2 protein chains.
Amino acid sequence: MLGRDYHATLADIADAAGVGRTTLHRYFSDRTGLISAAIEDSIAAIDESVAGAAIDQGSPIEAMRRLVTAMVAVGDRLVFLFGDPRVLEGRGAAGTPAPLDDPVIALIKRGQAEGAFDPDVTPAWIQRVLWSLVYTGYQDADACGLARHGIVSAVIRTLENGIHTPTPEHRQV
Amino acid sequence: MLGRDYHATLADIADAAGVGRTTLHRYFSDRTGLISAAIEDSIAAIDESVAGAAIDQGSPIEAMRRLVTAMVAVGDRLVFLFGDPRVLEGRGAAGTPAPLDDPVIALIKRGQAEGAFDPDVTPAWIQRVLWSLVYTGYQDADACGLARHGIVSAVIRTLENGIHTPTPEHRQV
DNA sequence: ACCAAATGGAACATTGATGTTCCATTAATG
DNA sequence: CATTAATGGAACATCAATGTTCCATTTGGT
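Draft legend 1. Region of interest: the protein's contact with DNA strand D. If you check the shell around DNA strand D, you find 16 residues, and the closest are A:Thr22, A:Thr23, A:Tyr27, B:Leu10 and B:Arg31. Take B:Arg21: an N or O atom from its side chain is 3.1 Å from a base oxygen of DNA strand D. Mapped by element, the contributors of at least two residues to the surface near DNA strand D are helix 2 (21-27) of chain A together with helix 2 (21-27) of chain B.

Right under this line is the structure:
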């Protein structure tokens, strides 16, 4: 709910959750508390999903495909956390830099070192591209004529080859 | 300003513009009026920039490169118009579908027909990818170690080739 | 210098979201 | 069935953003 609209009213959220606004306040002291709880929950879910992808193992390309799959699976959490820059704003200096930044950057650097990924762009750029394609795939799936299960393959395909017609050596399954 | 934060306070906007809040109200009857004016202005600027790219001429790849350049040049307007889905929400049925959808889709279809672009994904998907890369490039330029002038080339490079190490036949200038 | 227009600040009413309190109703547990 | 906890609704105070009015000041043109 907060992922779809970060400024949703507490009344709307309560309605969407099927509870009264009073009950919502009983569980979360104030709006900040609710947001914090949602952030913690989302980070945990994302961490778990990404950890399951074991991106430090196997070939970088295969690892990246597993990562995309894992990210799309928790797309709603990603949209919530990173869709509105204000969500994670107060957390920059404090603790976690971002839930999954470090292992992803490590994977990208490994892929560049092994010759799998474009070495002429920064790892940070590749990371943003990854994120933005996952976001786009998850967010605009229906607008792009993509079925839910088609998101992952479309994201992987475009992430790996861009929009050019694939060359034989880069063709994937 | 509204592009950075769609929910910016009128007082903040007035401050950023270097005028008093009263003066702001004198030019725009209410917040809706201000938003509308900003939308009109942004659409005009985008239309002008994209028209200058003449994407119906030349090879699809060259046209797409010109389009990316034109889009990055009006990145702030794009961020404002499409960054928050609420901005253009009330305009769906009324008039313009979106300022530049049709010519871009036409370019993509032409590129697919001529064998330049991946024919196995929908034009709508390619369009979203294009938009999301431009958005990412414009928005996160500094976080990705990209100088302002490096955005266009990074976006084009990744859009065309993905994150794979480029093959000789696909290498660009 | 003078006048007209525009500006910015202050004060005010209004609105919507929020947080709180109280109470009736419902669900769960013995 | 009786007791207890949880729930949802209503009412209220608070606060921030908004829109309005009024007035002193500044700006620009003559």
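Draft legend 2. Representation of the relation of the copies chain A and chain B within the structure. Between the two copies, chain A and chain B, the superposition gives an RMSD of 0.0 Å; the rotation angle is 180° and the shift along the axis is 0.0 Å. Considering both components of the superposition, the chain copies are consistent with a two-fold axis. Among all C-alpha atoms of chain A, that of A:Gly162 lies closest to the rotation axis, at 1.9 Å. Most of the interface of chain A is mirrored in chain B, where 100% of its interface residues again form contacts.

Draft legend 3. Spotlight on the protein's contact with DNA strand C. Close to DNA strand C lie 16 residues; A:Leu10, A:Arg31, B:Gly20, B:Thr22 and B:Thr23 are nearest. Backbone atoms, meaning sugar and phosphate, make up 50% of the atoms of DNA strand C lying within 4 Å of the protein. Here a phosphate oxygen of DNA strand C and a backbone polar atom of A:Leu10 are 2.8 Å apart. At a separation of 3.2 Å, a base oxygen of DNA strand C approaches a polar side-chain atom of A:Arg21. Of all elements in the fold, only helix 2 of chain A together with helix 2 of chain B reach the threshold of two or more residues within the surface near DNA strand C. Counting residues per element, the surface near DNA strand C draws most heavily on helix 2 of chain B, which supplies five residues. Partitioned by chemical class, the residues of the surface near DNA strand C number three nonpolar, eight polar and five charged.

Draft legend 4. View of the confidence of the model for chain A. Residue and element names in this part refer to chain A. Averaged over every residue, the pLDDT of chain A is 88; residues scoring 70 or more account for 89%. Of all helices and strands in chain A, the one with the weakest mean pLDDT is helix 5 (residues 75-83) (91), whereas helix 4 (residues 60-73) scores best (96). Low pLDDT, under 50, characterises residues 92-96; the predicted model gives this stretch one contact beyond four residues in sequence or across chains.

Draft legend 5. Here's a closer look at unusual backbone geometry. Of note, A:Ala54 is a non-glycine position whose phi angle comes to about 45°, a positive value. Relative to the helices and strands, A:Ala54 resides in the loop between helix 3 (31-53) and helix 4.

Draft legend 6. The interface of chain A and chain B, seen in detail. Chain A puts 41 residues into the contact, and the matching count from chain B is 41 residues. Approximately 3800 Å² of surface area, both sides summed, lies buried where chain A meets chain B, with 59% of it carried by carbon and sulfur atoms. The tally of links between chain A and chain B comes to six salt bridges. Where A:Arg157 meets B:Asp118, a salt bridge forms, and the shortest distance between an N and an O atom there is 2.4 Å. The tally of links from chain A across to chain B stands at 25 residue pairs in polar contact (both at pLDDT 80 or more). Those elements giving two or more residues to the side of chain A that touches chain B turn out to be helix 4, helix 7 (123-139) and helix 8 (150-161) of chain A.

Analysis parameters
Residue positions are given per chain, counted from 1 along the sequence in the order it is written. Labels follow written order: the first chain is A, the first ligand is 1, and so on. Under the rules for a predicted model, residues below a pLDDT of 70 receive no local features and side-chain atom pairs below 80 are neither given nor counted, while totals for whole chains, interfaces and linings still include all residues. No hydrogens and no water enter the side-chain calculation; it runs on all heavy atoms of the structure. Nearness is judged by heavy atoms alone; a residue qualifies as near a molecule or strand once a single heavy atom is within 4 Å of it. Whenever two N or O atoms come within 3.5 Å, that pair is a polar contact, provided that in protein one can donate a hydrogen and the other can accept it, and provided that, for residues adjacent in sequence, both atoms are side-chain atoms. In this text, helices come from DSSP runs of H or I with a minimum length of four residues, and strands from runs of E with a minimum of two, each type numbered from the N-terminal end. Least-squares superposition of the copies uses the C-alpha atoms of those residues scoring a pLDDT of at least 70 in each of them. The contact rule is simple, with two residues in contact once any of their heavy atoms fall within 4.5 Å. Amino acids are sorted into nonpolar (Ala, Val, Leu, Ile, Met, Phe, Trp, Tyr, Cys and Pro), charged (Asp, Glu, Lys and Arg) and polar (every other residue, Gly among them). As a per-residue quantity, pLDDT reports the predictor's confidence and falls between 0 and 100. A quick way to say it: buried area is the sum, across both parts, of accessible area lost when two parts are put together, with a 1.4 Å probe. One side-chain nitrogen of Lys or Arg within 4 Å of one carboxyl oxygen of Asp or Glu is enough to make a salt bridge.

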